[in-house]
Amino acid sequence: MRDPRPHSGEPPALDLLNTRWQGTEPGDLLADLDGLRTWLTLLGLTDRVPADSRTLAAVRTAREAVHEALTRSEYDPINRVLAHGRIRRELTADGPRELPELDDPAWLPGWLAADDLLRLLAEAPHRIRQCAHPDCVLFFYDTSKNGTRRWHSMATCGNRAKAARHYAKESTPQNNSSSKR
């Protein structure tokens, strides 16, 4: 299964948001069950949850809830997703273990993404960013040393922004006129 997204590999909450993208070819990995299977495979959840229409609906609901929490500070939707599960802690011979318990297995992927959002917000909320390119909807977790990353990818959005600045600078009247001697 090939992942068609322009950007992946972010923490689960942001990776879920990045299942929908814009650009020359907008897309939505969660448009159908094949895309859901791809995403579940990337998360290593194919053996724990069915890739069916109920799971797809739950994951889409979670994606909207994560988006609402990050972009509009609307917390009721994410809390409704989180209400579907909890973490059960236990001690084993290998040490402490945390197990998610859910009221319906279809909610597992979305619940894990919502739970991951809480972790990211607790650790470093200022490192959760949306790409600075005006046409990009992708999110990333800024892991740069100084925390000033602006683009989901310097090779795509960052390069486009640099090229646009260069083009704008070159096309200003003062740069187009002949040099005076």
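Residues numbered from 1 in each chain as written. Predicted model: local features only at pLDDT ≥ 70, side-chain atom pairs only at ≥ 80, totals over all residues. Heavy atoms only, no water.

Trainee: In this structure, what is going on with the overall build of the protein chain? I would like to understand it.
Mentor: Scanning the protein chain from N- to C-terminus turns up 7 helices and 6 strands. Taken from the N to the C terminus, the helices and strands of the protein chain come in the order α-β-β-α-α-α-β-β-α-β-β-α-α. The buried share of the protein chain, reckoned over its 181 residues, is 38%. Counting only contacts in the protein chain whose residues sit at least 6 apart along the sequence, the fraction spanning at least 24 positions is 47%. (Helix = DSSP H or I, 4+ residues; strand = E, 2+ residues; numbered from the N terminus. Buried < 20%, exposed > 50% of the residue type's maximum accessible area, 1.4 Å probe, protein only. Contact = heavy atoms within 4.5 Å.)

Trainee: Looking at this structure, how should I read the nonpolar core?
Mentor: General note: in soluble globular proteins, nonpolar side chains tend to be found buried as a group. Judged by nonpolar contacts, the single largest core of 38 residues is most densely connected at Leu14, Leu16, Ile78 and Leu117. For this core, the secondary-structure elements that each account for two or more residues are α1 (12-17), α2 (33-43), α3 (53-72), α4 (76-82), α5 (108-123) and β6 (139-141). At 7 residues, the largest contribution of residues to this core is made by α3. Apart from the residues lying within four places of it in its own chain, the contact partners of leucine 16 are Leu30, Trp39, Val59, Ala62, Arg63 and Ala113. (Core = buried A, V, L, I, M, F, W, Y, C linked by side-chain atoms within 4.5 Å.)

Trainee: Is there a simple way to think about the side chain of aspartate 116 in this case?
Mentor: Considering the arrangement of structural elements, one finds aspartate 116 in helix α5. A polar side-chain atom of aspartate 116 sits 3.0 Å from the main-chain amide nitrogen of alanine 13. Engagement of the side chain of aspartate 116 in a polar contact is seen with the side chain of arginine 119, the distance being 2.7 Å. Residues within four places of aspartate 116 in sequence aside, it is in contact with Pro11, Pro12 and Ala13. (Polar contact = N/O pair within 3.5 Å; in protein donor to acceptor, adjacent residues only side chain to side chain.)

Trainee: Explain the pattern of salt bridges to me, please; I cannot follow it from the model alone.
Mentor: Between side chains of opposite charge, a pair can form as their charged atoms come close. In this structure the tally under the stated criterion is 16 salt bridges. For glutamate 98, the salt bridge is made with arginine 89, and the minimal N-O distance between the two is 3.1 Å. On the basis of relative accessibility, which here comes to 60%, the residue arginine 89 falls in the exposed class. Among the ionic pairs, arginine 119 bridges to glutamate 123, the shortest N-O distance being 3.1 Å. Residue arginine 119 and its partner glutamate 123 are located together in helix α5, separated by 4 residues, close to a single helical turn. The network of salt bridges with common partners includes Arg86, Arg88, Glu90, Arg97 and Glu101. (Salt bridge = Lys/Arg side-chain N within 4 Å of Asp/Glu carboxyl O.)

Trainee: Is there a simple way to explain the pairing of strand β3 (residues 85-92) in this structure?
Mentor: In the case of a regular strand, side chains alternate between the two sheet surfaces. Here 8 bridges tie β3 to strand β4 (residues 95-102), and the two strands are oriented antiparallel to one another. Residue arginine 89 lies in a different strand from β4, and its bridge partner there is glutamate 98. (Pairing = 2+ DSSP bridges.)

Trainee: So what exactly am I meant to see when it comes to the packing of α3 against α5 here?
Mentor: Interhelical geometry of α3 versus α5 gives an angle of 20° and a closest axis separation of 8 Å. Looking at the two axes, α3 sits roughly parallel to α5. Pair α3 / α5 crosses with right-handed handedness. Within the contact between the two elements, α3 uses Thr55, Val59, Ala62, Val66, Ala69 and Leu70 and α5 uses Pro109, Gly110, Ala114, Leu117 and Leu121. For the contact of α3 with α5, the per-class residue count stands at 9 nonpolar, 2 polar and no charged. (Axes fitted to C-alpha atoms, helices over the stretch in contact; angles between N-to-C directions. Parallel < 35°, antiparallel > 145°, perpendicular 65-115°, else oblique. Left-handed = near helix turned anticlockwise from the far one by under 90°. Nonpolar A, V, L, I, M, F, W, Y, C, P; charged D, E, K, R; others polar.)

Trainee: I'm lost on the side chain of glutamate 10 in this one. Help?
Mentor: Looking at the secondary structure, you find glutamate 10 in the segment before α1. A relative accessible area of 13% places glutamate 10 in the buried class. Polar contacts involving the side chain of glutamate 10 include one to the side chain of histidine 7, which spans 2.8 Å. Polar contacts involving the side chain of glutamate 10 include one to the main-chain amide nitrogen of tyrosine 141, which spans 2.8 Å. Residue contacts for glutamate 10: discarding those within four places in its chain leaves Asp15, Asn18, Phe139, Phe140, Tyr141 and Arg149.

Trainee: It is not clear to me how α3 should be interpreted in this structure. Could you clarify?
Mentor: Since the α-helix turns once every 3.6 residues, residues separated by three or four places project in the same direction. Given a rise of 1.5 Å per residue, 20 residues ought to cover 28 Å, and the 28 Å separating the end C-alpha atoms of α3 matches this to within 8%. Among all positions in α3, only Thr55, Leu56, Ala58, Val59, Ala62, Arg63, Ala65, Val66, Glu68 and Ala69 are buried. Its side-chain oxygen at 3.3 Å from the backbone nitrogen of arginine 54, aspartate 52 defines the N-terminal cap of α3. Positive backbone phi, at 55°, marks serine 73, one or two positions downstream of α3. (Expected span 1.5 Å × (residues − 1).)

These results come straight from atomic positions and should not be treated as a statement about function.
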